[in-house]
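Below are the chains, spelled out letter by letter.
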Amino acid sequence: SASSNPGDVVLDPFAGCGTAVAAAHKLDRRWIGIDITHLSINLLKFRLRDMFGLTPGADYQVIGEPVTVDGARQLAEDDRFQFQFWALSLVQARPLGGEVGGRTGKRGADRGVDGLITFIDDNTGRPKKIIVQVKSGKVKSGDIRDLKGTVEREKAAMGVFITLEPPTREMVTEAVSAGFYRSPGWGRDYPRIQMRTIEELLGGAGIEMPLSSVTFRQAGRVRDEGPRTLSLFDEE
């Protein structure tokens, strides 16, 4: 308010979790946010969605994220942790050990958990976990057996395996053998182990899960007062 007028462009080259971008949008400024990590950009997208109902592509541009399988493969070759953060964002999972502004994940301490999705689907109000693993290299049926073991060890409701490469027939069989999670609130079954390729996720596929999700603390909703010219950049 002190340093700009409505309609001005506000540039935040270290956007982090998006405080300046959200303030600029609320005060009817145009804005450009830049950050070095996919984790920060994704947190920003969730914040803009929750506060203003903004949708990437429709209401603002995100520049620097993969939009094709080839782009995803290049990101994986360049930086597997950034690929992991980006892939987790496709299912709105919280990275384990990820910090805003940090370029790497938690090395050697994730115990088979790359990300978490939490949801509430009964009257206890207790969140339940979906464990997410991300693989950018070759995959095999043993990866799914390992995920099943992690789901059991962590007492999670379900597990999701995100892969850049197509799963093998043996992997599909292994996933099916895990059975189903029965949601008491929704009264329906969900596959306990689910596999999604990057190509499927880029094409709009999602996870079969109860609708209630509490993975990220949601920002308070703010009434939007008009169109703006907006951009987010992932600047490596």
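As shown above, the structure is provided for reference.
Parameters at a glance
- Residues numbered from 1 in each chain as written.
- Predicted model: local features only at pLDDT ≥ 70, side-chain atom pairs only at ≥ 80, totals over all residues.
- Heavy atoms only, no water.
- Buried < 20%, exposed > 50% of the residue type's maximum accessible area, 1.4 Å probe, protein only.
- Pairing = 2+ DSSP bridges.
- Helix = DSSP H or I, 4+ residues; strand = E, 2+ residues; numbered from the N terminus.
- Contact = heavy atoms within 4.5 Å.
- Axes fitted to C-alpha atoms, helices over the stretch in contact; angles between N-to-C directions.
- Arc of directions from axis to C-beta.
- Core = buried A, V, L, I, M, F, W, Y, C linked by side-chain atoms within 4.5 Å.

A. Region of the structure containing unusual backbone geometry. The residue D28 is not glycine, and still its phi comes out positive at about 65 degrees. For D28, a relative accessible area of 32% puts it in the partly exposed group. Of note in this structure, Q92 is not a glycine but carries a positive phi near 55 degrees. Under the relative-accessibility criterion, Q92 is labelled partly exposed at 35%.

B. Local environment of the sheet that holds strand 5 (residues 115-119). Strand order in the open sheet formed by 5 strands is 4-5-6-7-10, and the pairing between neighbours is mixed. The sheet is open, and its two borders are formed by strand 4 (94-95) and strand 10 (193-197), each paired with just one other strand. One ladder, built from 6 bridges, connects strand 6 (residues 128-135) with strand 7 (residues 158-163); its direction is parallel. The partner of I130 across the bridge, within strand 7, is M158. With respect to the sheet, helix 4 (residues 80-89) is in contact with strand 4, strand 5, strand 6 and strand 7, its orientation differing from that of strand 6 by roughly 135 degrees.

C. Structural context of helix 6 (residues 169-176). Residues M171, E174 and A175 constitute the buried set of helix 6. For helix 6, the buried positions fall inside an angular range of 100 degrees around the axis, keeping them on one side. Turned more than 90 degrees from where helix 6 packs its buried face, R169, T173 and V176 sit exposed. Where helix 6 is buried, its residues meet helix 5 (141-153), strand 7 and strand 10.

D. Inspection of the nonpolar core at higher detail. With 25 residues, the main nonpolar core has F83, I117, M158, I162 and I198 as its most contacted residues. For this core, the secondary-structure elements that each account for two or more residues are helix 3 (69-78), helix 4, strand 5, strand 6, strand 7 and helix 7 (198-202). With residues near it in sequence (within four places) discarded, I198 still touches A72, F83, W86, A87, L90, I162, T163 and L164.

All we've got here are geometric facts, nothing functional implied.
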